[in-house]
There are 2 protein chains.
Amino acid sequence: MMPPFGLLHRRAWASLFGQLLRPSGLVCIGEVHFHSQVSEAVLISQLKPHQEKSNFVIKTPKGTRDLSPQQMVVREKILDMVIDCFKRHGAKRLDTPAFELKEMLTEKYGEDSGLIYDLKDQGGELLSLRYDLTVPFARYLAMNKVKRMKRYQVGKVWRRESPTIVQGRYREFCQCDFDIAGQFDPMIPDAECLKIMCEVLSGLQLGDFLIKVNDRRILDGILAVCAVPQSKFHAICSSIDKLDKIPWKDVRHEMVAKKGLAPEVADRIGDYVQRHGGVSLVEEMFQDSRLSQNKQALEGLGDLRLLFEYLTLFGIAEKISFDLSLARGLDYYTGVIYEAVLLQTPAQAEECLNVGSVAAGGRYDGLVGVFDPKGHTVPCVGLSIGVERIFAILEERMKTAGLKIRTTETQVFVATPQKNFLHERLKLISELWDAGIKAELLYKNNPKLLTQLHYCEHMGIPLVVIIGEQELKEGVIKLRSVASREEVAIKRENLVAEIQKKLSES
Amino acid sequence: MMPPFGLLHRRAWASLFGQLLRPSGLVCIGEVHFHSQVSEAVLISQLKPHQEKSNFVIKTPKGTRDLSPQQMVVREKILDMVIDCFKRHGAKRLDTPAFELKEMLTEKYGEDSGLIYDLKDQGGELLSLRYDLTVPFARYLAMNKVKRMKRYQVGKVWRRESPTIVQGRYREFCQCDFDIAGQFDPMIPDAECLKIMCEVLSGLQLGDFLIKVNDRRILDGILAVCAVPQSKFHAICSSIDKLDKIPWKDVRHEMVAKKGLAPEVADRIGDYVQRHGGVSLVEEMFQDSRLSQNKQALEGLGDLRLLFEYLTLFGIAEKISFDLSLARGLDYYTGVIYEAVLLQTPAQAEECLNVGSVAAGGRYDGLVGVFDPKGHTVPCVGLSIGVERIFAILEERMKTAGLKIRTTETQVFVATPQKNFLHERLKLISELWDAGIKAELLYKNNPKLLTQLHYCEHMGIPLVVIIGEQELKEGVIKLRSVASREEVAIKRENLVAEIQKKLSES
C-alpha cells in the first residue's frame, strides 16, 4: 500500500475537476457559422489567398496538432500537479532554447538519432530541434560549470517518428523532466527520483502502476558472462528491450536469425532476462555463479541493494520491480534505469489505448563530461514524465464519463434588457475588471436579453449583473444567479463588494 | 489617471516580489566546483567526447539563451500576471505547433519574411518555425471553421534577426497574445484590446506609458490624397514607420533620395504624419479638405471616433494618442493598429535599455479568409505583449536594487547533528512529502550540522526539523526557525500538523 499523499489527496483528481466539469446535456447554443463576404478591407492588406494555389490543403504538419481550449484545461491541470511535485522536492526551473547546435545532439541517442529534426542551412550555424530535455541540461551544466543542481524543465521536444496517433504519440510533444546533478553519496538522489515518479502517478490517479528497475552495468555484465561479442552488445540490447511487447521465443529468434547469435548464447541470456522480482532477486543474482564474477554487474547489484533499502524507507518498495529485461534505448545511461508502466486500463473504454510507459529515467554520469572542454564530468540522475500519454488517458476517461469542461473562468456577465445601453454596460464592466473580477459582455450594441442569458448558461458563468432604465433611475443593479435564477437588487456603489462576497461564498 | 486595478494592486509588484526577494549580503556558500575524473561508468555508454573534435565550442545557438532559475522566477511572475488579465477578459487558451507548413507563413510578413526559420527538407512536408502567434491562430480558425473565439496563447516564436541583445531582442522569444475573432458591432472588441494593454502595463508597474493608435485605412488614404503612386505605398509606409526613431528631415530625405518621391509629395505627407493628439485630432482630420474626400480614410476616422468614445467609458482615453505616423510592418493589418511605448525609464540605471514598444496589435479582417478554402473570412482584432522587453526592464531594475531571488519554494529542511542517521532522515522527509510539504535534505550519509544549517540560510528555507539520538529516544523532533534560530521540541506524531501551523502563520 502507498502511504496517502496529503497534498495530492486534497487536490485529488475528482474534486479538482469537479470545479471544472459540468454534466453534459446542457442546452448548447451552437457555434454561429456565418459566412461574411471577404470585406473591402482585405484589399488594403497585401495578402494572397491560398485558395488560388493548386493542392491547397489547410492542416498542421504531420504528427503535430493544435490543442483546443478543452484540451489545454486538462493539460494545464496535469502540468500543475507535476510541477507542484517537482517543487515539493526542491527543484529550480530551467529553460533552454528549442534548438541546439546540431553537433550537441549527434551521437547521443543511439539508433534514434535519425529522428532528429534539423533546421535548414540558411547561412550561419547548423541547428537541430531538441530531441529531449536531458542533453540540453547536460550542455547547460558543462557550459556554465555548474557542479550541483536540482532542476526541472517543462517544454516541447520534437522527434520525426512515424506518428501512431492512436497510441498518443506525436512528433511534437511535451516533456516534464526532473534531474539531480552532483557528486553525492550513492543512491540517495536515485531513490528520490523513484519517489517522485510514485508521487506523480499516485497523485494523478491513473490506476495501479509498477516501476521496472534495472542497471546498465548488470545488463552489460549479463551480456559479457553469456559470451556475447562486444560488437553485438548494442543490437542484442535492443532485442532484449522488446520483451515487454513480444514473447521470449520471438526475441530469441531475432537474436539468432537476424543478429547472428549462437543459440546457446541466446538461451543463456534468456535465463537471465526473463526474470523479474523484488529485492530478493537482487540477492539471488549476487549468488549467481557467473554474474558474481563480473565486476560491473556486482557494482550494479550493490547499488540496487542500497536503492531498495531507501525505497523501503520511502514506503514504495512494492511498487518497484527489478526487471532484467529493461534496457532503455538512449546511449547516455550509465547506471540505474527505470520505467513506469500502468498495470491495467481503469475503464473498459480505454482498452484501445496502449499507453506503454508513462514515466522513465536513469543515471547518466558521463554525459556532462562529453560537453566539458576538459572532460570534467558531473554525475546525474533524473526522470521524465510522459505527460502526453497521461493526457491521452485522462482525456479518454473524461470523454467516457461524458464530462464537459469550462474553458473560461468568467465570473460575472454584464447584461441589459434594453436598447441603447452599451455605454452603461461598458462603464460597468470596466469597473468590474478594475476590481479584478473576471467579466464578459456581448460585443453587440443591442443584444437580446435571452441571448445574453443563454450565453451565460452555455459558458457556465455563475453571475449576471443586469442594468436597465429602471435600475439606472433607482441607482441599483440587479444581481442574478444563473443556476437558481434568483435576482436581488443591490446599490450600485456596493456592486463590487457584493459580487466579491457572492463569489467567495460559492 | 488610471483607475485603480483591484486585483493588480493586491498583487502589486513590490509585495508580490517581496515574498521572493531577500536583501543581498547573506552569507553565500559558493558553488562547489569539484572535478571528478571521468568515471569508469562512462565506458558503458557509447558517447564520444566533443573535446576530441576540432573547433569545439560549447554554446547556445546565435541569438538564443538559456533562462536560469533566477530568470525563470521573474518570467513566470510576469506571465502569471499577463495570463490573469487575459482570463479576466474571458479568453480561452489555445496551443499550436512550433512549426507550420512553410506555405502557411509565406507572404504574411512583408519585408520580414526573410527572417523565417525553415526546417531542413528531410523528406515529407516543407516546414517553418512559427514567426508569430497570429498567423497560426488564423490558420486554426479557418481549419476548424470557428467563426467566433476569444483566445489567448503564450509561447515561443522564432525570427532570424541579427540579434541586438542589448535591446533585449533575441531570435527565440516568448509572445503573449490575446485576440477576439468574430463579426461584432464596430470597435467594441478593439476598445477591449486597448483596455487589456492598459491593465497589463499598469499592473506590471513599468512606469508611465502611452498607446499610439492609427488606422491602416487612414494611412492609405493619406498616401492616396498626397498622390503617392500605389506601387510605392509599401516603401513609403516603411519610411513613415521610422519617425519614432529618426527626425522628419531624415525620413523625408529617404523618401525623396532613396525611394524616388517628388519633394512636394513628401512635404504633403510630412504635414500629416508629424501630427499626433487625442480625439480632437480625429475631428480635425474629418475637416481636412483633402482627407475628407477619401472614402477609406473616412471609414478609419469614423472608427477611431467611436473607439475614443469607448476608451473614455473605460477611463483610459488619456493613455491613447492618435499618431498618424504609426504604420506597423506586418502585411495582415486592415484597420485599427496600436503600439504601447514606455514614456521614460523609471531609474537611472536603465537608461541604457532602449525598450521601444512593449505591446502592440491591431485589426486583421482578411487573414482568416486567406486560409479558408472558400475565402470566407472572420474579422479579428488582437494584441501581443512583448514580455521579453518587460522582462529585461524588470531584471535590470532588480539588479540595480541588489535584490536576490529565491529560486526554490522549499519550506522545511530535514537535518541531523549525528552520524548514521540517514535512515531516520529519509523516513522523516518521506512523511513530509506525503503530507504535501516542500522538503529537502542533503544527499550525504553523514553531513555536518553546520553545512546543513548553512544550506538553509543560503537557500532561504524557513524551517529545519532536526532529529538526533536524543530526539529519537524521547519521541520528539526539534523544529528550528532559520531566521530567529529558535528551537522547539514537538512530539513526533504532531510534526506534520505543527509544521503546517507554522507555515500558515508566516
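Along each chain, numbering runs from 1 in the same order as the chain's sequence is written. Ligands are numbered from 1 and chains lettered from A, in the order in which they are written. Local features in this predicted model are restricted to residues whose pLDDT is 70 or higher, and side-chain atom pairs enter the listing and the counts only when it is 80 or higher, whereas totals over whole chains, interfaces and linings include all residues. Values shown for side chains rest on all heavy atoms present in the structure; no hydrogens or waters enter the calculation.

Going by an unreviewed UniProt entry, chain A carries the name histidine--tRNA ligase and comes from Canis lupus familiaris. UniProt positions are given in the numbering used here, feature names are shortened, and annotations may be inferred rather than shown by experiment. Of chain A, the UniProt comment under Sequence similarities (unreviewed entry) reads exactly: "Belongs to the class-II aminoacyl-tRNA synthetase family." Database annotation for chain A, UniProt heading Catalytic activity (unreviewed entry): "tRNA(His) + L-histidine + ATP = L-histidyl-tRNA(His) + AMP + diphosphate + H(+)".

The subject of this paragraph is the overall build of chain A. Each helix is a run of DSSP H or I of at least 4 residues and each strand a run of E of at least 2, with the numbering of both proceeding from the N terminus. A count of helices and strands for chain A gives 18 helices and 18 strands. Exposure is judged per residue with a 1.4 Å probe applied to protein chains only, and the accessible area is read against the type maximum: over 50% gives exposed, under 20% gives buried, and values in between give partly exposed. Evaluated residue by residue, chain A yields a buried proportion of 59% over its 506 residues. Taking the intrachain contacts of chain A between residues at least 6 apart in sequence as the baseline, contacts between residues at least 24 apart amount to 70%. Residue burial considers only the protein chains on display, and all accessible areas are found by Shrake-Rupley using a 1.4 Å probe. Of the roughly 20100 Å² of accessible surface on chain A, a fraction of 52% belongs to carbon and sulfur atoms. Contact criterion: two residues are considered in contact whenever any of their non-hydrogen atoms come within 4.5 Å of each other.

Bringing the UniProt feature "binding site: L-histidine" (unreviewed entry) in chain A into the picture now. Residue and element names in this part refer to chain A. The positions that UniProt labels "binding site: L-histidine" (unreviewed entry) are, in the present scheme, D132, L133, T134, R159, Q175, D179, R328, Y332 and Y333. Checked against the element boundaries, D132 lands in the loop between β4 (127-129) and α5 (134-143). Ignoring any residue separated from it by four or fewer positions in sequence, one finds D132 in contact with Y109, V157, R159, Q175 and Y332. At a separation of 3.2 Å, a polar atom in the side chain of D132 contacts the main-chain amide nitrogen of T134. On the secondary structure map, Q175 appears in strand β6 (residues 172-181). Given a relative accessible area of 11%, Q175 falls into the buried group. Setting aside its immediate chain neighbours within four residues, Q175 contacts D132, L133, Q153, V154, G155, V157, R159, S384 and I385. What qualifies as a polar contact is a pair of N or O atoms within 3.5 Å, subject to a donor-acceptor requirement within protein and to the restriction that residues adjacent in sequence count only when both atoms come from side chains.

Residues and elements named next belong to chain B. Of note, S128 is situated in strand β4 (residues 127-129). At 2.7 Å, the side chain of S128 and the side chain of D118 are in polar contact. Aside from chain neighbours lying at most four places away, what touches S128 is A98, F99, E100, K102, L105, I116, Y117, D118 and L119.

Looking now at the interface of chain B and chain A. Tallying the contact residues gives 148 residues for chain B and 148 residues for chain A. For the chain B and chain A pair, buried surface summed over both sides reaches about 13200 Å², with 58% attributable to carbon and sulfur atoms. Basic side-chain nitrogens of Lys or Arg form a salt bridge, by our definition, when they fall within 4 Å of a carboxyl oxygen of Asp or Glu. Put simply, chain B and chain A have 16 salt bridges between them. If you look at where chain B meets chain A, you find 46 residue pairs in polar contact (both at pLDDT 80 or more). Ranked by residues supplied to the side of chain B that touches chain A, first place goes to helix α15 (residues 422-434) of chain B with 8 residues. Looking at the side of chain B that touches chain A residue by residue, the class counts come to 60 nonpolar, 38 polar and 50 charged. A 1.4 Å probe defines the accessible area here, and the buried area is the portion of it lost by two parts on being joined, summed over both. In this classification, the charged set is Asp, Glu, Lys and Arg, the nonpolar set is Ala, Val, Leu, Ile, Met, Phe, Trp, Tyr, Cys and Pro, and all remaining amino acids, among them Gly, are polar.

Looking now at the pairing of strand β5 (residues 149-158) of chain A. Residue and element names in this part refer to chain A. The buried count for β5 comes to 10 of 10 residues, which makes it a mostly enclosed element. Between any two strands, pairing holds if DSSP finds at least two bridges. The sheet contact formed by strand β2 (residues 92-93) and β5 spans 2 bridges and is parallel. By the bridge assignment, K92 is partnered in β5 with R151. Here β5 runs beside β6; their pairing, made up of 10 bridges, is antiparallel. The residue bridging G155 from the neighbouring strand is Q175, located in β6.

Turning to the nonpolar core, a few remarks are in order. Nonpolar side chains in soluble globular proteins tend to end up buried together. Put simply, buried Ala, Val, Leu, Ile, Met, Phe, Trp, Tyr and Cys residues joined by side-chain atoms within 4.5 Å make one nonpolar core. One finds L432 and I499 of chain A together with I211, I269, F322, Y338 and I385 of chain B to be the most contacted residues of the largest nonpolar core, which totals 114 residues. With 10 residues, helix α3 (residues 69-88) of chain B is the single largest residue contributor to this core. Ignoring sequence-local partners within four residues, the contact set of I385 of chain B consists of V82, F86, Q175, C176, V200, V358, A359 and I390 of chain B. With 113 residues, the next largest nonpolar core counts V82, A191, V265 and I385 of chain A among its residues.

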